[in-house]
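This is what each chain is made of:
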Amino acid sequence: MDPFDDLLRGVRANGALFGGSVLSPPWALRFTGDAYLTLCVPLRGEGWIVPGGGGEPRRIRVGDGAIVRGPEPFVFTDDPASAARPGLTREIRCGEPGAREGGDGSTDGRTVLMAGAYRVRGEVPRRLLRVLPPVVVVPDDEDCSGMRAYLEAQLAAVRPGRQIVVDRLLDWLLVCTLRDWFDRPEAARPAWYRALGDDAVGPALRAMHDEPGRPWTLASLAAEAGVSRSTFAKRFNDLLAEPPLAYLTEWRMALAADLLAEPGATIAGVARRVGYADAFGFSAAFKRVRGTSPSAHRAAVTAMPAAALSGSLVGVAAEVEQ
């Protein structure tokens, strides 16, 4: 397991709802609903993503994968100018079932967009979202026409297991798009992502993420890295701009923040799971890093609406006439 795996573990599709729309140009679909992450994959045709807050429009075509960071709304349109025309934009609220409207089922000459809006649950996956730009567009460097055709077929079919198949396909597309983005030269890759490829720091990072509750010391982490303590500490600090044990504490507190939200969780139980022998030491560390006590954090999370904690996805398959 590595940090990338951990950050994506809480980002999963679960019970996607699908709807279709057939629109004639000019058209604009405004995605709302406070999603933290939205995956957009044109199966046919093309369009423009206009992010909220006056961001630069980005064009996406068949073969591209686009990720829009929320929770601000954004618009998918045939032309950026269409996004500003009053009365033209049709709102799609993530979290509400779509309704199929019009059309004869033919997709010839139309743009077909597959969009999955994720409400990300927990602090751990949000660490990943904070390093993403408002819109990520990743061209398809391989011929995935077969996968797109298969996804279209699954959307159209009414077969047992269809829901699970579509959910997992969207998870796969999301992970591949994120991974491909971080591998591109223009990506502002986070320090931990770059460090994963380091011969010394990479093994130690994976070990911390595999066993956060283990009583790690600088010596034991250096042993995982296969280098001396001084060499490991310098290399780690050079790559991540912080000492190894400071990184470990930050990671443990992010995990603890999510564990405290689980039903029946106790502060003492969470403390043991993230490497603390007693609740007192854990509470002091949590408040120092997170700025609030574990009990106050748990109360705040418990009071949040269920939708805000959901890790579910709502997908919209939109067909628009060219």
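For the structure itself, consult the block above.
Keep in mind that what you see is a predicted model, and the values were worked out from it rather than measured.

Engineer: What is the right way to read the overall build of the protein from this model?
Structural biologist: Counting its regular elements, the protein contains 13 helices and 11 strands. Taking all 322 residues of the protein together, 47% fall into the buried category. Across the protein, contacts joining residues at least 24 apart in sequence account for 76% of those joining residues at least 6 apart. As presented, the protein carries roughly 15,100 Å² of accessible surface, and 52% of it is formed by carbon and sulfur atoms.

Engineer: Please explain the side chain of Asp258 as it appears in this structure.
Structural biologist: Its location among the elements puts Asp258 in helix 9 (residues 244–259). Classification of Asp258 by relative accessible area gives buried; the value is 16%.

Engineer: Could you clarify how one ought to interpret empty space enclosed by the protein in this entry?
Structural biologist: Where empty space is left becomes clear once a probe the size of a water molecule has been rolled over the atoms. Under the defined criterion, the tally for this structure stands at 1 cavity of 30 Å³ or more. In this model, the largest cavity occupies a volume close to 60 Å³. Along the walls of the largest cavity sit 14 residues, with Phe31, Ala35, Thr38, Glu72 and Phe74 positioned nearest its centre. By residue class, the composition of the lining of the largest cavity is 7 nonpolar, 4 polar and 3 charged.

Engineer: Just to check I follow, could you spell out the pairing of strand 5 (residues 58–61) for this structure?
Structural biologist: As a general feature of sheets, a regular strand has side chains that alternate between the two faces. Taken together, the 4 bridges between strand 4 (residues 46–51) and strand 5 define a ladder with antiparallel strand orientation. Across the sheet, residue Glu46 finds its bridge partner in strand 5, namely Arg61. Counted between consecutive antiparallel strands, the loop separating strand 4 from strand 5 contains 6 residues, among which Gly53 sits at a positive phi close to 80°.

Engineer: Is there a simple way to explain the nonpolar core in this structure?
Structural biologist: Across soluble globular proteins, nonpolar side chains have a tendency to be buried as a group. Counting 62 residues, the largest nonpolar core has Leu132, Leu205 and Phe282 as its most contacted members. With 9 residues, helix 9 is the single largest residue contributor to this core. Ignoring anything within four residues of it in the chain, the contact list for Leu205 reads Trp192, Ala195, Leu196, Phe236, Leu240 and Tyr247. Formed by 15 residues, the second largest nonpolar core is a distinct cluster that contains Phe31, Cys40, Val68 and Leu113.

Engineer: Just to check I follow, could you spell out the pairing of strand 10 (residues 135–138) for this structure?
Structural biologist: Across the two faces of strand 10 the burial is the same, with Val135 and Val137 and Val136 and Val138 all buried. Note: strand 6 (residues 65–69) against strand 10, 4 bridges, orientation antiparallel. Residue Ile67 lies in a different strand from strand 10, and its bridge partner there is Val136.

Engineer: Please clarify how the packing of helix 6 (residues 201–210) against helix 8 (residues 229–240) should be interpreted in this entry.
Structural biologist: A pair of packed helices is captured by two measures, namely the crossing angle of their axes and the spacing between those axes. At a closest axis distance of 10 Å, the pairing of helix 6 and helix 8 adopts a crossing angle of 85°. With respect to each other, helix 6 and helix 8 are oriented roughly perpendicular. Taking contact as the criterion, the partners of Val201, Ala204, Leu205 and Met208 in helix 6 are, on helix 8, Phe232, Arg235, Phe236, Leu239 and Leu240. The class makeup of the residues in the contact of helix 6 with helix 8 is 8 nonpolar, no polar and 1 charged.

Engineer: Could you clarify how one ought to interpret helix 12 (residues 294–302) in this entry?
Structural biologist: Given 3.6 residues per turn, any residue in an α-helix points the same way as the ones three and four places further on. Those residues of helix 12 that fall on the buried side of the exposure criterion are Pro294, His297 and Val301. Down the axis, helix 12 shows its buried residues gathered within 65° of arc, on one side only.

Engineer: Looking at this model, I keep getting lost on helix 6. Mind explaining?
Structural biologist: For helix 6, the tally of buried residues reaches 7 of 10 residues, placing the bulk of the element in the interior. Within helix 6 the residues assigned to the buried category are Val201, Gly202, Ala204, Leu205, Ala207, Met208 and His209.

Engineer: Looking at this model, I keep getting lost on unusual backbone geometry. Mind explaining?
Structural biologist: Glycine aside, a negative phi is what most residues show, and trans is what most peptide bonds show. Its identity is not glycine, yet Ala241 carries a phi of approximately 60°, on the positive side. Looking at the element boundaries, Ala241 is found in the loop between helix 8 and helix 9.

Engineer: Is there a simple way to explain the packing of aromatic side chains in this structure?
Structural biologist: Each aromatic ring pair is characterised by the separation of its centres together with the angle its planes make. Here the structure, examined in full by the defined rule, presents 8 aromatic pairs. Centroid distance Trp192 to Tyr193: 5.8 Å. Interplanar angle 70°. Geometry classified as edge-to-face. Exposure class is identical for Trp192 and Tyr193. Each is buried. In this structure an aromatic cluster arises from ring pairing among Phe182, Trp192 and Tyr193.

Engineer: Help me understand the environment of Leu245, please; the structure alone is not making it clear to me.
Structural biologist: Tracing the backbone through its elements, the reader meets Leu245 in helix 9. Contacts of Leu245, omitting those with residues within four sequence positions, involve Trp216, Thr217, Leu218 and Leu221.

Engineer: In this structure, what is going on with the environment of Arg69? I would like to understand it.
Structural biologist: Summarising the element assignment, Arg69 is placed in strand 6. With 30 residues separating them along the chain, Arg69 and Leu39 place their C-alpha atoms 9.1 Å apart. Among residues more than four places away in sequence, those in contact with Arg69 are Tyr36, Leu129, Leu132, Pro133 and Pro134.

Cut-offs used in this document
Each chain carries its own residue numbering, running from 1 in the written order of its sequence. Where totals are concerned, whole chains, interfaces and linings use all residues; where local detail is concerned, this predicted model gives features only for residues with pLDDT of at least 70, and gives and counts side-chain atom pairs only at 80 or more. Only hydrogens and water are set aside when side-chain values are computed; all heavy atoms of the structure are taken into account. In DSSP terms, a helix is any run of H or I states spanning at least four residues, a strand is any run of E spanning at least two, and both are numbered starting from the N terminus. Burial classification: accessible surface area is computed with a 1.4 Å probe over protein chains only, and a residue below 20% of its type maximum counts as buried, one above 50% as exposed, and the rest as partly exposed. Contact definition: two residues touch when any of their heavy atoms are within 4.5 Å. Surface accessibility in these figures is a Shrake-Rupley result with a 1.4 Å probe; residues are shielded only by whichever protein chains are displayed. Points on a 1 Å grid over protein atoms alone make up a cavity when a 1.4 Å probe fits among them but cannot get out, and a pocket when they form an open set with protein on both sides within 12 Å along at least five of seven lines; lining residues each have an atom within 4 Å of a point. Grid points are joined across faces, edges and corners, and a volume is the space filled by probe spheres set on the points. All amino acids are sorted into three groups, where Ala, Val, Leu, Ile, Met, Phe, Trp, Tyr, Cys and Pro are nonpolar, Asp, Glu, Lys and Arg are charged, and the leftover types, Gly among them, are polar. Here, any two strands with at least 2 DSSP bridges between them count as paired. Residues belong to one nonpolar core when they are buried, are Ala, Val, Leu, Ile, Met, Phe, Trp, Tyr or Cys, and are joined through side-chain atoms within 4.5 Å. Fitting a line to C-alpha atoms yields each axis, with helices limited to the stretch in contact; the angle taken between N-to-C directions then spans 0 to 180 degrees. Reported orientations rely on four angle classes, namely roughly parallel under 35 degrees, roughly antiparallel over 145, roughly perpendicular from 65 to 115, and oblique for the rest. Directions drawn from the helix axis to the C-beta atoms are what define this arc. We call Phe, Tyr and Trp rings a pair once their centres come within 6.5 Å, taking the six-membered ring for Trp, and we label the pair stacked below 30 degrees between planes, edge-to-face above 60, and tilted otherwise.

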